[in-house]
Amino acid sequence: MNIFEALRESHDRQRTYAKALIATSGDTPERVEAYKQLKAELQAHETAEERHFYIPLMEFDNGVDLSRHAISEHHEMDEMMEELDETEMSSPAWLATAKKLSDKVHHHLKEEEQKFFQMAGKLLDDKQKEQLAGQYEKEFQAQLP
């Protein structure tokens, strides 16, 4: 497995969890569980991806701006999750923020897969791509609650 395949597995789960989250309503067990899944997946993914994908890419001049942009979007998603944590789940504001988070997740994943992966594919060699996948997977598992 290479780093792109490893990241795509998490991306697919993020899409599923984000879609499930905005299909929920009120302060229900379904919403609690959907949010818990999405938040855990996003947080573990962000940390592992930053350490074992974006930081290695920053070693290349062409990878610096790309990495900064992606890490900035991770920060935006973290802020939205903090806002969700501080808002009543039954509030209309909660769902509005959840929809913004879902939109940001989908935008970020599309951008990574359609732009960032292509550039990174040119910067990293095959051995690096495989090594980073193993490091990413190990870190991702360690970050899960």
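Here the structure is a predicted model, which is why all the values come from computation and not from measurement. (Residues numbered from 1 in each chain as written. Predicted model: local features only at pLDDT ≥ 70, side-chain atom pairs only at ≥ 80, totals over all residues. Heavy atoms only, no water.)

S.K.: Would you mind going over the UniProt feature "domain: Hemerythrin-like" (unreviewed entry) in the protein with me for this structure?
M.R.: Using the residue numbers shown here, the UniProt feature "domain: Hemerythrin-like" (unreviewed entry) corresponds to residues 3-120. Helix makes up 87% of residues 3-120 and strand 0%, with an end-to-end C-alpha separation of 10 Å. (UniProt positions renumbered as here; feature names shortened; annotations may be inferred. Helix = DSSP H or I, 4+ residues; strand = E, 2+ residues; numbered from the N terminus.)

S.K.: What is the right way to look at the packing of helix α3 (residues 61-85) against helix α4 (residues 92-123) in this model?
M.R.: The packing of two helices is summarised by the inter-axis angle and the distance between the axes. At their nearest, the axes of α3 and α4 sit 10 Å apart, and the two run at 165 degrees to each other. Here α4 runs roughly antiparallel to α3, going by the angle between their axes. Handedness of the crossing formed by α3 with α4: left-handed. When the residues that make up the contact of α3 with α4 are grouped by side-chain class, the tally is 13 nonpolar, seven polar and seven charged. (Axes fitted to C-alpha atoms, helices over the stretch in contact; angles between N-to-C directions. Parallel < 35°, antiparallel > 145°, perpendicular 65-115°, else oblique. Left-handed = near helix turned anticlockwise from the far one by under 90°. Nonpolar A, V, L, I, M, F, W, Y, C, P; charged D, E, K, R; others polar.)

S.K.: Help me understand the pattern of salt bridges, please; the structure alone is not making it clear to me.
M.R.: Here the idea is simple: oppositely charged side chains can pair when their charged atoms come close. Throughout the structure, instances matching the rule amount to eleven salt bridges. In this structure, E113 engages R15 in a salt bridge whose closest nitrogen and oxygen atoms are separated by 2.8 Å. Here the residue E113 occupies a position in helix α4, and R15 occupies one in helix α1 (residues 3-22), the gap between them amounting to 98 residues. In this structure, E33 and K36 form a salt bridge, with 3.6 Å as the shortest nitrogen-oxygen distance. Note that E33 and K36 are positioned in helix α2 (residues 29-57) at a spacing of three residues, about one turn of the helix. On the basis of relative accessibility, which here comes to 53%, the residue K36 falls in the exposed class. Sharing partners across several salt bridges, the network here consists of D12, R15 and E113. (Salt bridge = Lys/Arg side-chain N within 4 Å of Asp/Glu carboxyl O. Buried < 20%, exposed > 50% of the residue type's maximum accessible area, 1.4 Å probe, protein only.)

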